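One letter stands for each residue in the lines below.
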Amino acid sequence: QVQLVESGGGLVQAGGSLRLSCAASGRTISRYAMGWFRQAPGKEREFVAANSWSASSTYYADSVKGRFTISRDRAKDTVSLQMNSLKPEDTAVYYCAADSRVYLPTSPSASGMNWGKGTLVTVSS
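Residues numbered from 1 in each chain as written. Predicted model: local features only at pLDDT ≥ 70, side-chain atom pairs only at ≥ 80, totals over all residues. Heavy atoms only, no water.

1. What to know about the overall build of the protein
Moving on, step 1. Helix and strand counts for the protein stand at zero helices and 11 strands.
Moving on, step 2. Along the protein, helices and strands appear, N-terminal first, in the series β-β-β-β-β-β-β-β-β-β-β.
Moving on, step 3. Taking 125 residues into account, the globule formula puts the C-alpha radius of gyration at 14 Å, and the protein, at 13 Å, falls close to it.
Moving on, step 4. With the C-alpha coordinates of the protein rotated into their principal frame, the extents come out at 40 × 30 × 25 Å.
Moving on, step 5. Taken across its 125 residues, the protein has 44% of its residues classed as buried.
Moving on, step 6. Contacts in the protein between residues at least 24 apart in sequence constitute 59% of all its contacts with a sequence separation of at least 6.
Moving on, step 7. Side chains of the protein carry 14 positive and 9 negative charges; the gap between the two charge centres is 5 Å. (Helix = DSSP H or I, 4+ residues; strand = E, 2+ residues; numbered from the N terminus. Rg over C-alpha atoms; globule rule 2.2 N^0.38 Å. Buried < 20%, exposed > 50% of the residue type's maximum accessible area, 1.4 Å probe, protein only. Contact = heavy atoms within 4.5 Å. Lys, Arg positive; Asp, Glu negative; His and termini not counted. Charge placed at Lys NZ, Arg CZ, Asp CG, Glu CD.)

Right, here's the structure in full:
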C-alpha cells in the first residue's frame, strides 16, 4: 500500500493562503484517486476535495469551492491542496488520502482509503 505524508500546515491570518502537499512512498499515487479531508476539534472528519486517478475529474465541498484547488505533480509524485482566502472555520487537521477502489473519494469512512497522519492548519481572525 501507499504511504502518505502531509506537509505545509501552519498558522495563517484570515484571508491568507497556504499550500499543503502530500508525498507518497512505497507506491506511486498515479493510479490512486486522491482526496483531502479535515477534522476540526470536536467535529467529525469531513470531505474537502477529491481528484480522480487520471486527474480528469475533481470535486469540492461547497464550503471550500472557489477557494481551494487540488492538483497533482506527477513528476514529484505528490498531490497538493492550494488554500486561498482562508477563514477561521477552515482551522483543522488536514489529511491526505488515497483510494484505489473509488473514482472520487469523498467519504471519510471509505474502507479502501489510505491515510496520512495529518497536518495542522490554524487560521486566526
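What follows continues from the structure just given.
2. Some points on the state of the cysteines
Moving on, step 1. Enumeration over the complete set of coordinates arrives at one disulfide.
Moving on, step 2. The partner cysteine of C22 in its disulfide is C96, sulfur to sulfur 2.1 Å. Taking the torsion about the sulfur-sulfur bond, which here is approximately -80°, the covalent link between C22 and C96 counts as left-handed. Of the two residues, C22 sits in strand β3 (residues 18–25) while C96 sits in strand β9 (residues 92–99), which places them 74 residues apart along the sequence.
Moving on, step 3. According to the relative accessible area criterion, C96 is buried, its value standing at 0%. (Disulfide = S-S within 2.5 Å.)

3. Brief notes about the environment of S25
Moving on, step 1. Structurally, the position occupied by S25 is in strand β3.
Moving on, step 2. Overall, the relative accessible area of 36% leaves S25 in the partly exposed class.
Moving on, step 3. Each C-alpha atom of the pair S25 and S63 lies 30 Å from the other, and the pair is 38 residues apart in sequence.
Moving on, step 4. For S25, the contacting residues outside a window of four places in its chain are Q1, V2 and Q3.

4. Here's the deal with the side chain of D77
Moving on, step 1. Examined against the element boundaries, D77 turns out to sit in the loop between β7 (68–73) and β8 (78–83).
Moving on, step 2. An unpaired buried charge is present at D77: no salt bridge exists, and R72, the closest side chain of opposite charge, is 6.7 Å distant. (Salt bridge = Lys/Arg side-chain N within 4 Å of Asp/Glu carboxyl O.)

5. Examining the packing of aromatic side chains
Moving on, step 1. One pass over the structure, following the stated rule, counts four aromatic pairs.
Moving on, step 2. Look at Y95 and W115: their rings are 6.3 Å apart centre to centre, the planes differ by 90°, and that puts the pair in the edge-to-face class. With Y95 in strand β9 and W115 in strand β10 (residues 113–115), this pair connects stretches of sequence that are 20 residues apart.
Moving on, step 3. For Y95, a relative accessible area of 13% translates into the label buried. (Phe/Tyr/Trp six-rings, centres within 6.5 Å; stacked < 30°, edge-to-face > 60°.)

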